[in-house]
Amino acid sequence: MDRLSGSSVRVSPSNRKRVAALATELKATSQQEVIDRALDQLEHRVFWEGFEEEAQAYLASHPEERAERDRYAGTSSDGIKARP
């Protein structure tokens, strides 16, 4: 997506003020930079939420995988902690 192409989005006056205040607080070069940063963070969060949901669904449908992970997680039977 080309972030430099022009288009408009309707924004309430209160949100416009919030973006302007954040631009000042963050010392951003533009209000667009604030919006871009916020969208990047939101997209990142949505991606990882979806990833986590898929992982949980996979583990729910494959209980043997959960058992194997539990068996190898944490401290082994000889008392040696697993390396991070």
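Let me begin by describing the structure that accompanies this report. Quick caveat: nothing in here was measured; it's all calculated off a predicted structure.

What counts and how
Residues numbered from 1 in each chain as written. Predicted model: local features only at pLDDT ≥ 70, side-chain atom pairs only at ≥ 80, totals over all residues. Heavy atoms only, no water. Helix = DSSP H or I, 4+ residues; strand = E, 2+ residues; numbered from the N terminus. Areas by Shrake-Rupley, 256 points an atom, 1.4 Å probe, with all protein chains shown as cover. Expected span 1.5 Å × (residues − 1). Buried < 20%, exposed > 50% of the residue type's maximum accessible area, 1.4 Å probe, protein only. Contact = heavy atoms within 4.5 Å. Polar contact = N/O pair within 3.5 Å; in protein donor to acceptor, adjacent residues only side chain to side chain. Salt bridge = Lys/Arg side-chain N within 4 Å of Asp/Glu carboxyl O.

1. Let's talk about the overall build of the protein chain
Here's step 1: A count of helical and extended segments in the protein chain gives three helices and zero strands.
Here's step 2: The order of α-helices and β-strands along the protein chain, N terminus first, is α-α-α.
Here's step 3: As presented, the protein chain carries roughly 7,900 Å² of accessible surface, and 55% of it is formed by carbon and sulfur atoms.

2. Some points on helix 2 (residues 31-61)
Here's step 1: Counted at 1.5 Å a residue, the expected span for helix 2 with its 31 residues is 45 Å, and the 45 Å between its end C-alpha atoms agrees.
Here's step 2: Restricting attention to buried positions, one finds in helix 2 the residues V34, D36 and L59.
Here's step 3: Those residues of helix 2 that are buried lie in contact with helix 1 (13-25) and helix 3 (63-72).
Here's step 4: Where helix 2 begins, the side chain of S30 points an oxygen toward the backbone nitrogen of Q32, at a separation of 3.3 Å.

3. Some words on the pattern of salt bridges
Here's step 1: Under the criterion given, the structure shown has three salt bridges.
Here's step 2: A salt bridge links E49 to R45, with the shortest nitrogen-to-oxygen separation between them at 3.5 Å. Placement of the pair is E49 and R45 together in helix 2, with a separation of four residues, close to one helical turn.
Here's step 3: Here E49 falls in the partly exposed class, since its relative accessible area comes to 42%.
Here's step 4: With a shortest N-O distance of 2.8 Å, E65 and R69 are connected by a salt bridge. Pair noted here: E65 and R69 are both in helix 3, with a separation of four residues, about one helical turn.

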